[in-house]
Amino acid sequence: MSLNVWKYILIILTLFGLIFLLLNITTEENWKYHIVSALYKVQNRLQSTNLSGTLRTFHNNHTFCSHLSKPLSHEEELEERKLLNSITWPQLPSGSEPLNLSQTSDPAHSLFTIVLSEKDQRRYVGDQLEVLVHLRDFQGRPKRYGGDFLLARLHSPKYKAGVAGQVLDHKNGLYSARFPLLWEGSAQVEVMMVHSSEAVAVLQRLREKLPPPVVFFDVSGVNIKVPIHANTTNTITVLQSRKENGSQKTDPVKLATSGYYYQDSWRPLGDVAMRKFDKAAAISQCLANKVVYMYGDSTIRQWYEYLVTVLPEMKEFNLHTPKKAGPLMAVDSTHNIVLNYRCHGPPIMYTTIMANELRYIANELDGLTGGPNTVVALSIWAHFSPFPGEVYIRRLRHIRKAVVRLLERAPGTVVVVRTGNPRALDRDVSLNHSDWFALQLDIMLRAMFKGLNVMLLDAWQMCVAHHQPHDVHPPKVIVKNMVNMLLSYVCRERTRKAA
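Here goes a summary of the coordinates provided. (Residues numbered from 1 in each chain as written. Predicted model: local features only at pLDDT ≥ 70, side-chain atom pairs only at ≥ 80, totals over all residues. Heavy atoms only, no water.)

1. Some words on the state of the cysteines
Point 1. Under the counting rule described, the total for this entry stands at 1 disulfide.
Point 2. In this model cysteine 286 forms its disulfide with cysteine 491; the gap between the sulfur atoms is 2.0 Å. Here cysteine 286 and cysteine 491 share a disulfide; its torsion about the S-S bond, 110°, makes the bridge right-handed. Remark: cysteine 491 occurs in the loop between helix H11 (476–490) and helix H12 (492–498) and cysteine 286 occurs in helix H4 (residues 280–287); sequence separation between them is 205 residues. Like cysteine 286, the residue cysteine 491 is buried in the burial classification. (Disulfide = S-S within 2.5 Å. Helix = DSSP H or I, 4+ residues; strand = E, 2+ residues; numbered from the N terminus. Buried < 20%, exposed > 50% of the residue type's maximum accessible area, 1.4 Å probe, protein only.)

This is the structure we're talking about:
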């Protein structure tokens, strides 16, 4: 053979040798990266034009943690089905699916009307305000079915006050938005269409199969997060509470409202009284001799960054780790405070990180001793939007079990779970990280941790009720209120005495 032929043979043998070596390395290391590759495969299926309907392979949930790969028990299967049923959404009527944008819900043609009471048109603190929303399409024709995703709030620029409304879908093109009246003075109603019912149907199909060629999203600000205008007026005046005298009593607030803003300060309506931690000394006193662990996505990292910024004696250690993923650590040696942050396990989409550097929250919690001087804050939602609900449910279930184990061995441990929040949206963001996805995660998260000895911090309502624009990373004024709620819960015994 010629010299050139031998060269080609040598090259081919070298390539086969490299392939064989890589296969051996891959087989040996596969246990580390299996879950990551599985998640990315599903993500690629969601984003690919060759999207198939085989996303249910996530039911296997194989990971390198043996306890995560166990098959679901009968009770867990029932729980999963119940949670998935809790996020069902009104479907488009059979045969009514529009063929173009002009037949979808148009916020510019839609209107809302403040419902007047037949007996007394005056409104008092403690009453409930109802608004009726009429949805129309781009041709001005009334919608005859529901399924649109609306957000509503009552706010007052004068008092820097606001409260989120509860939206009820009548499934005929009409929606009711209801608000508790919680402050005296002027207030304005704001109703926003996040997505049309047709766009929601597209989002639903994204998780199961390739959507049709027609996409009912516009980049130009026409039908994504656009306000719906009032038919006549959007402003009301709220009077002082009625005097409770015999037949006239204050109407109870029956809405699921966790709190409201007044003078830009969050006022919770639950069991935890709110304290203002405006001075660094008050924060240091509350956290003295405590270790705070913050696990999750970048929305909980905001809390870490806020505390590091406002506490002058807090010093960060350079652990030579990714700033976004962590782990991060800061120490205040004067008050004996330690802050820790670490991102949750895959999927992680905001930075490049080695899989062997990632930690699952459940595993981290199992490694904590816990106790009255241990504070755990969790936030896990933003990176799970593109994935089927089963993926999120199973991740939360393992975290919940770890929280239960932690509280059983160390009952004094303080655990706070942050819910998700709405974000700024355009067409591209909506397809993978819509507020509609976030709302579904929010519903499941609340159900999963209901009944546990943890505080559920309602980031959703805290963002919807505020006058600042929606952002996946809420502005500092909202983060400050969230941290104040965290501290109020951590130091709730002192909070009760102060109140």
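2. Section: helix H2 (residues 74–86)
Point 1. Between its first and last C-alpha atoms H2 spans 18 Å; for 13 residues at 1.5 Å apiece the expected length is 18 Å, and the two agree.
Point 2. Where H2 is buried, its residues meet helix H7 (389–409) and helix H9 (435–449). (Expected span 1.5 Å × (residues − 1). Contact = heavy atoms within 4.5 Å.)

3. Structural notes on the packing of aromatic side chains
Point 1. The final tally for this structure, using the stated rule, is 8 aromatic pairs.
Point 2. The interplanar angle of 50° and the centroid separation of 5.6 Å between the aromatic rings of tryptophan 436 and phenylalanine 437 together place this pair among those described as tilted. Here tryptophan 436 and phenylalanine 437 have matching classes, each one buried.
Point 3. In this structure an aromatic cluster arises from ring pairing among Trp89, Phe149, Trp436 and Phe437.
Point 4. In this arrangement the basic side chain of arginine 492 is found over the ring face of tyrosine 489, its NZ or CZ atom lying 4.1 Å from the centre. (Phe/Tyr/Trp six-rings, centres within 6.5 Å; stacked < 30°, edge-to-face > 60°. Lys NZ or Arg CZ within 6 Å of the ring centre and 35° of its normal.)

4. Considering the packing of H2 against H7
Point 1. Contact pair H2 / H7: the axes reach a minimum separation of 11 Å and the direction vectors enclose 125°. Viewed along their axes, H2 and H7 adopt a mutual orientation that is oblique. The handedness of the crossing between H2 and H7 is right-handed. Residues Glu76, Glu79, Glu80, Leu83 and Leu84 of H2 pack against Gly389, Glu390, Ile393, Arg394, Arg397, Arg400 and Lys401 of H7.
Point 2. Considering only residue class, the contact of H2 with H7 consists of 3 nonpolar, 1 polar and 8 charged. (Axes fitted to C-alpha atoms, helices over the stretch in contact; angles between N-to-C directions. Parallel < 35°, antiparallel > 145°, perpendicular 65-115°, else oblique. Left-handed = near helix turned anticlockwise from the far one by under 90°. Nonpolar A, V, L, I, M, F, W, Y, C, P; charged D, E, K, R; others polar.)

5. Digging into the sheet that holds strand E14 (residues 315–317)
Sheet strands line up and pair through hydrogen bonds in the backbone, either parallel or antiparallel.
Point 1. With respect to topology, 7 strands assemble into an open sheet ordered E14-E15-E16-E13-E17-E18-E19, the strand pairing being mixed. Each edge of the sheet is formed by a strand with only one pairing partner; in this case those strands are E14 and strand E19 (455–457). With direction set aside, neighbouring strand axes in the sheet form an average angle of 20°. (Pairing = 2+ DSSP bridges.)

6. Section: the pairing of strand E16 (residues 337–343)
Point 1. Taking burial as the measure, the 7 residues of E16 include 7 buried ones, the bulk of the element.
Point 2. Because side chains alternate across E16, one face comprises the buried residues Ile337, Leu339, Tyr341 and Cys343, and the other comprises Val338, Asn340 and Arg342, equally buried.
Point 3. Pairing analysis gives 6 bridges linking strand E13 (residues 291–296) to E16, with the strands arranged parallel. What sits directly across from tyrosine 293, in E16, is asparagine 340.
Point 4. Of the strand pairs in this sheet, strand E15 (residues 328–332) and E16 are connected by 5 bridges, and their pairing is antiparallel. Bridging across to E16, valine 331 finds its partner in valine 338.
Point 5. Taking the residues that link successive antiparallel strands as the turn, the E15-E16 hairpin has 4 residues, and the phi of asparagine 336 there is positive, at about 60°.

7. Quick word on the pattern of salt bridges
Point 1. A full pass over the atoms with the stated rule returns 17 salt bridges.
Point 2. Between arginine 405 and aspartate 366 there is a salt bridge whose closest N-O contact spans 2.9 Å. Linking arginine 405 in helix H7 with aspartate 366 in helix H6 (residues 361–366), this pair joins segments that are 39 residues apart in sequence.
Point 3. The shortest N-O distance in the salt bridge between arginine 446 and aspartate 458 comes to 2.6 Å. Of this pair, arginine 446 sits in helix H9 while aspartate 458 sits in the loop between E19 and helix H10 (459–464), and the two are 12 residues apart along the sequence.
Point 4. With a relative accessible area of 7%, aspartate 458 lands in the buried category. (Salt bridge = Lys/Arg side-chain N within 4 Å of Asp/Glu carboxyl O.)

8. Overview of the packing of H2 against H9
Point 1. Orientation of H2 relative to H9, taken along the N-to-C sense of each, is 140°, at an axis distance of 9 Å. By the criterion of interaxial angle, the relationship of H2 to H9 is oblique. Where H2 crosses over H9, the handedness of that crossing is right-handed. Where H2 approaches H9, its residues Glu79, Leu83 and Ser86 are matched on the opposing element by Ile443, Met444, Ala447 and Met448.

9. Structural notes on helix H3 (residues 197–206)
Point 1. Among the 10 residues in H3, 10 count as buried, and that is most of the element.
Point 2. Of the residues making up H3, those classed as buried are Ser197, Glu198, Ala199, Val200, Ala201, Val202, Leu203, Gln204, Arg205 and Leu206.

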